[in-house]
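Listed here are the chains, written in short residue letters.
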Amino acid sequence: MATVEKRKCADGSINFRVRVRLRGFPPQTASFKRLTDAKKWVQQTESAIREGRHFKTVESRKHTLKEAVDRYIKFVLPSKKPNSQKDQEQQLEWWSNNIGYLSLADVTPAIIAEQRDKLSKGKTSRGDRTNATVNRYLAILSHLFTISVKEWGWSHENPVLKVTRLKEPRGRVRFLSDDERARLLEACKASKSAYLYTVVVLALSTGARKMEILGLKWRDVDITRAIITLHETKNGERRVIPLAGHALELMKQHAKVRQLNCDLVFPAKNFKQPIDLRTPFESALKRAQIPNFRWHDQRHCCASYLAMNGASLAEIAEILGHKTLSMVKRYSHLSEAHTSKVVAKMNEKIFG
């Protein structure tokens, strides 16, 4: 039910005060200069209340994107893995600095797409901002709106879901040839760093990420069972990786000379944090004359060697800790010989 009251102001002008009352909902009021505007507002408001849209829209106009970012950083971000918090906070601050003044209701897909294009033309300390990086900015904003809808009640929809992500290049596959691997290992052996050779062998042998190895603690290493348990992984799940061959022998030797007052497997000189092997590794690459190779490429090496030695994509995914096979399909072309053998065996079985 709606009532419209005609009122005369002190300056002699006329306005129309409108009140909308529907059973089960708080009354809504507004004032207009023209009666036609008042009647139009009544129709829109009654319709929105009946359809459950009105109060959601009102709430999204009460809060700015900056308020949402501040709340997310304070209450949601601390629950995430420490190694992702810094990057995501910086990404959220970018959104806050650029369109934080807008109410959540005014953050439309068109505005987000405009900011996406602005991001893609931007620069970082490392050069041009990649499409993958831009998509990470969109991802964190999308999660903010998801929380705003589901938990805070500040928004009624997630506008980022209507924005197209930028196309990312195919996953990089750079692995060492037999000759390159031999040269790199020799250079690591000759390094002044006592840990570099062992760590590189572990990386090539297990496919573990850099900080998964450098952050290892002795309680996570079971020499007897020949396994390493990784508690802090990128996908948040605990993962067990096997130790075998040369990697196992090196870890046995390393365990004999461990620092008893430090639980870190590869500690820095202060024994309080993991060692930083960036400079020794880059120096070893230069001595070995290996171009276009990064630390993370050792993970690709492990996956590639597994594929070339007959491992299935499911097995590679399990060892590397991927939840889906999509992340390891880039190595499928390396297992063609194994695939041919499987197909040949199947044909022999069914056709004789």
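Each residue is numbered by its place in its chain's sequence as written, counting from 1. Totals for whole chains, interfaces and linings use every residue, but because this is a predicted model, local features are given only for residues with pLDDT of at least 70 and side-chain atom pairs only at 80 or more, for both listing and counting. The basis for every side-chain value is the complete set of non-hydrogen atoms in the structure, without hydrogens or water.

Draft legend 1. Region of the structure containing the overall build of the protein. The way it works is that DSSP assigns letters per residue, a run of H or I at least four long becomes a helix, a run of E at least two long becomes a strand, and they are numbered from the N terminus. The helix and strand tally for the protein stands at 14 helices and eight strands. Using a 1.4 Å probe on the protein chains alone, a residue whose accessible area is under 20% of its type maximum counts as buried, one over 50% counts as exposed, and one in between counts as partly exposed. The burial tally for the protein puts 41% of its 352 residues in the buried class. It only takes one pair of heavy atoms within 4.5 Å for two residues to be counted as in contact. Long-range pairs, those at least 24 residues apart, make up 56% of the contacts in the protein with a sequence separation of at least 6. About 21400 Å² of surface is accessible on the protein, with carbon and sulfur atoms providing 52% of the total. Surface accessibility in these figures is a Shrake-Rupley result with a 1.4 Å probe; residues are shielded only by whichever protein chains are displayed.

Draft legend 2. View of the pairing of strand β1 (residues 2–8). Whether two strands pair comes down to DSSP finding at least two bridges between them. Where β1 lies against strand β2 (residues 14–20), seven bridges are found, and the strand directions are antiparallel. From the neighbouring strand, Glu-5 faces β2, where its bridge partner is Arg-17. Connecting β1 to the next strand, β2, in antiparallel fashion are five residues, including Gly-12 with a positive phi near 95 degrees.

Draft legend 3. Looking closely at the packing of helix α5 (residues 109–120) against helix α6 (residues 131–152). In the contact formed by α5 and α6, the axes pass within 9 Å of each other and the chain directions differ by 145 degrees. In this structure, α5 crosses over α6, and the sense of that crossing is right-handed. Together, Ile-112, Arg-116, Leu-119 and Ser-120 of α5 and Val-134, Tyr-137, Leu-138 and Leu-141 of α6 make up the contact between the two elements. Structural elements are reduced to axes, namely lines fitted to C-alpha atoms, with helices fitted over the stretch in contact, and the angle between N-to-C directions of any two is expressed from 0 to 180 degrees. Rotating anticlockwise by less than a right angle from the far helix to the near helix defines a left-handed crossing, while the corresponding clockwise rotation defines a right-handed one.

Draft legend 4. Here's a closer look at the sheet that holds strand β3 (residues 28–32). Spatially, the three strands line up as an open sheet ordered β1-β2-β3, and their pairing is antiparallel. One side of each edge strand has no neighbouring strand; the edge strands of this open sheet are β1 and β3. Each strand of the sheet is rotated relative to its neighbour by a mean of 20 degrees, with strand direction disregarded.

Draft legend 5. Examining a positive patch on the surface more closely. Patch building starts from residues that exceed 30% relative accessible area and form no salt bridge, then joins like charges within 9 Å and nonpolar side chains (Val, Leu, Ile, Met, Phe, Trp, Tyr) within 5 Å. One speaks of a salt bridge when a side-chain nitrogen belonging to Lys or Arg is within 4 Å of a carboxyl oxygen belonging to Asp or Glu. Positive charges come from Lys and Arg alone, negative charges from Asp and Glu alone, with His and the N- and C-terminal ends not counted. The atoms used to mark charge sites are NZ of Lys, CZ of Arg, CG of Asp and CD of Glu. Positive charge collects at one region of the surface, where Arg-7, Arg-17, Arg-19 and Arg-21 lie side by side. Inspection of the secondary structure assignment puts Arg-21 in the loop between β2 and β3. Judged by its relative accessible area of 42%, Arg-21 falls in the partly exposed class.

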